[in-house]
Amino acid sequence: MLKHLILKQWISTSVFTLLLTGLSQFAHAANLPDFTELAEKQGPTVVNVSITQTVHGGNVGFPGVPDEDMQEFFKRFGIPGVPDMPGQPGAPGQGGQDYKTQSLGSGFIIGADGYILTNAHVVNEADEVLVKLFDKREFKAKIIGADKRTDVALIKIEATNLPKVTIGDPSKLKVGEWVAAIGSPFGLENTMTAGIVSAKGRALPQENYVPFIQTDVAINPGNSGGPLFNLAGEVVGINSQIYSRSGGSMGLSFSIPIDVAIDISNQLKATGKISRGWLGVAIQELTKELADSFGMKNTNGALIAGVEKGGPADKGGLEAGDVITKFDGKAIMTSSDLPRVVGASKPGKVSAVEVLRKGVVKNLNVSVGEMPTDAAELVPNVKPPAKVEPNKIGLTLKELTPQQKKKINGKNGLVVVDSTGAAAQAGIRPGDVILGLNNSNIQSVDVFNKQINAVPAGKTVAVLVQRADNTLYVPIKVTK
């Protein structure tokens, strides 16, 4: 009898517990976001953007693929190891003939009079841009301007009374917040996908001017240029890139904050071009190894790897090896912070710059210049001389000729003619130009080798290397 009563009580308790669990799960499900209203109201503000482009003979093509130009996709979306497409002589991708390709992207209306935002890579080198609205009307669009550095383009169609988006404030976004995208993945118009904000202010390689919003929203080819919405139905970003090993979404999507895009679009609308602040420095991230080699206690700041002769930074007293910790009163925690802060400065403005130089804090005033468009040419590869022994870290070096010095603005440097051992493992290769060692400038091959020989085994040195138009400090651990 006792057993029966205990069992009966246990069953009643279990049923009650299950009921409570079910009600809790129902309540939790009831609190999930409802995107139906967002889709109904904002769907008409999103457009399909298709382009026709002439591809010249000799380029590898992907004909017949009804989404964004796959070459651009592979380049921007980081898919490694993509082979060239085979073809027949004279066919697209084999050279000899020009051919037309079509590709698709997305965009959204920011002005009732026909102004539309999309990605620069969607309309890049387009012969014709066609915009298809939610109501199936089609218009030829004019490219007002495009900025490759931020991947923002402004286009316009001749139409009035169009539904337009509401612009939100991406600075108010929180990690974990729900967001949604609308676009045309693989040509499937007005497709909505949803997810959460995974990170904010994300810096990507070669994308120094955009603090990307990272989400796990499913973004695929054809979504590029489409809007990212918050739950209030406000646009907070433009979907621009994904990281993928498969060609499709892997839960790593990156959007341009809408405030960055609107600033770009306003400049394009007003002048047709973008004006950015410019210092004339090459920078790199401070690693622990580099910080140790400079005697620093932390890795905060942007390390100057090179200063353009006659540029704003040069005139303001900045030097290679300086670490910029503040610019115009704003803290610079990582190297990716600096281009955004400087780029947002008005050319001609005098800005206060705080740097750490050889362990000492210095305050300088620099007049910000306007960013030029042309990149500099550098030193070609050279052949190694006969019977020259590598130094302690595996470098065989040669002093620059007067002609080569001119190409790097008269600076002293040493051409790497061979790289082995620790130097090769660190990534230094023939044709690189050595400009400095730690905080010291280059004097000659003999002086450089003596300085290296004086470094005890186990210590790390920072070698300033110039390759093409880029300069970079490379940490090398001395092993001998």
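Whatever comes next refers back to the structure up there.
So, here is what we can say about the structure in this document. (Residues numbered from 1 in each chain as written. Predicted model: local features only at pLDDT ≥ 70, side-chain atom pairs only at ≥ 80, totals over all residues. Heavy atoms only, no water.)

### Some remarks on the overall build of the protein
Stated formally: Think of it this way: any DSSP run of H or I at least four residues long counts as a helix, any run of E at least two long counts as a strand, and we number them from the N terminus. Under the scheme applied here, a residue whose accessible area is under 20% of the maximum for its type counts as buried, over 50% as exposed, and between as partly exposed, the area being computed with a 1.4 Å probe on protein chains only. We call two residues in contact whenever any of their non-hydrogen atoms come within 4.5 Å of each other. Every accessible area reported is derived by Shrake-Rupley at a probe size of 1.4 Å, with residue values counting cover from the shown protein chains alone.
Across its full length, the protein carries 11 helices and 27 strands. Burial statistics for the protein: of 480 residues in total, 46% are counted as buried. Relative to all contacts within the protein whose residues are 6 or more apart in sequence, the contacts with residues 24 or more apart total 63%. Carbon and sulfur atoms form 53% of the exposed surface of the protein, whose accessible area is close to 24400 Å².

### A few points about unusual backbone geometry
The backbone phi angle of Asn-161 is positive, close to 55°, even though this residue is not glycine. By the element assignment, Asn-161 lies in the loop between β6 (152-156) and β7 (166-167). Accessibility expressed as a relative area gives 72% for Asn-161, which makes it exposed. Of note, Asn-190 is a non-glycine position whose phi angle comes to about 50°, a positive value.

### As for the environment of Asp-292
For Asp-292, the location among the structural elements is in helix α6 (residues 288-293). Classification of Asp-292 by relative accessible area gives partly exposed; the value is 45%.

### Quick notes on the environment of Gly-317
With respect to the element layout, Gly-317 can be found in the loop between α7 (312-315) and β17 (323-327). Residue classification places Gly-317 among the partly exposed residues on the basis of a relative accessible area of 28%. Along the backbone, Gly-317 and Leu-364 are 47 residues apart, and their C-alpha atoms lie at a distance of 7.1 Å. In this view, Gly-317 contacts Asp-322, Arg-357 and Leu-364; residues no more than four positions away in its chain are not counted.

### Considerations on the pattern of salt bridges
Selection criterion: Throughout this description, the term salt bridge denotes a Lys or Arg side-chain nitrogen within 4 Å of a carboxyl oxygen of Asp or Glu.
Scanning the entire structure with this criterion turns up 12 salt bridges. Salt-bridge contacts for Arg-357 lead to Glu-319; the nearest nitrogen and oxygen are separated by 3.6 Å. Linking Arg-357 in strand β19 (residues 350-357) with Glu-319 in the loop between α7 and β17, this pair joins segments that are 38 residues apart in sequence. Here the salt bridges share partners, and the residues they tie into one network are Lys-132, Lys-136 and Glu-189.

### Looking at the nonpolar core
Quick reminder of the rule: Residues belong to one nonpolar core when they are buried, are Ala, Val, Leu, Ile, Met, Phe, Trp, Tyr or Cys, and are joined through side-chain atoms within 4.5 Å.
Counting residues in hydrophobic clusters, the biggest one holds 25 residues, and the most contacted among them are Phe-108, Leu-117, Phe-229, Ile-238, Ile-256 and Ile-258. Among the secondary structure elements, those contributing two or more residues to this core are β3 (115-118), β6, β8 (178-183), β10 (207-215), β12 (234-242), β13 (253-257) and α5 (258-271). No other element matches the five residues that α5 contributes to this core. With residues up to four places along the chain from it excluded, the contact list for Ile-238 reads Phe-108, Leu-117, Thr-118, Asn-119, Gly-225, Gly-226, Phe-254, Ser-255, Ile-256, Ile-258 and Ala-261.

### Thoughts on α5
Residues spaced three or four apart along an α-helix point in a common direction, a consequence of the helix completing one turn every 3.6 residues. To keep it simple, the criterion reads: One less than the residue count of a helix, multiplied by 1.5 Å, gives the span that helix is expected to have.
Taking 1.5 Å per residue as the helical rise, α5 with its 14 residues ought to reach 20 Å, and the 20 Å between its terminal C-alpha atoms agrees with that figure. Buried residues of α5: Ile-258, Val-260, Ala-261, Ile-264, Ser-265, Gln-267 and Leu-268, and no others. Directly after α5, the chain includes Gly-272, whose backbone phi takes a positive value near 80°.

### A word on the packing of aromatic side chains
Two aromatic rings, taken as a pair, are described by how far apart their centres are and by the angle between their planes. For clarity, the threshold we go by: Stacked, edge-to-face and tilted labels apply to pairs of Phe, Tyr and Trp rings (six-membered ring for Trp) whose centres lie within 6.5 Å, assigned for plane angles under 30 degrees, over 60, and everything in between, in that order. Ring-over charges, as used throughout, are those where CZ of Arg or NZ of Lys falls within 6 Å of the ring centre and within 35 degrees of the ring normal.
Counted according to the given criterion, the structure contains three aromatic pairs. Note on Phe-294 and Tyr-473: the rings are 5.3 Å apart at their centroids and 90° apart in plane angle, and the pair reads as edge-to-face. With Phe-294 in the loop between α6 and β16 (302-307) and Tyr-473 in strand β27 (residues 470-477), this residue pair connects regions lying 179 residues apart in the sequence. Both residues of the pair, Phe-294 and Tyr-473, count as buried. Here Lys-269 stacks its cationic end above the ring of Tyr-115, 4.2 Å away from the centre of that ring. Over the aromatic face of Tyr-209 sits the side chain of Arg-276, whose NZ or CZ is 5.1 Å from the ring centroid.

### Regarding a nonpolar patch on the surface
Put simply, the rule reads: The patch calculation keeps residues exceeding 30% relative accessible area without a salt bridge and links them within 9 Å when they carry like charges or within 5 Å when they are nonpolar (Val, Leu, Ile, Met, Phe, Trp, Tyr).
Judged by side-chain polarity, Leu-32, Trp-178 and Leu-231 come together as a nonpolar surface patch covering roughly 280 Å² of accessible area. Tracing the backbone shows Trp-178 in strand β8.

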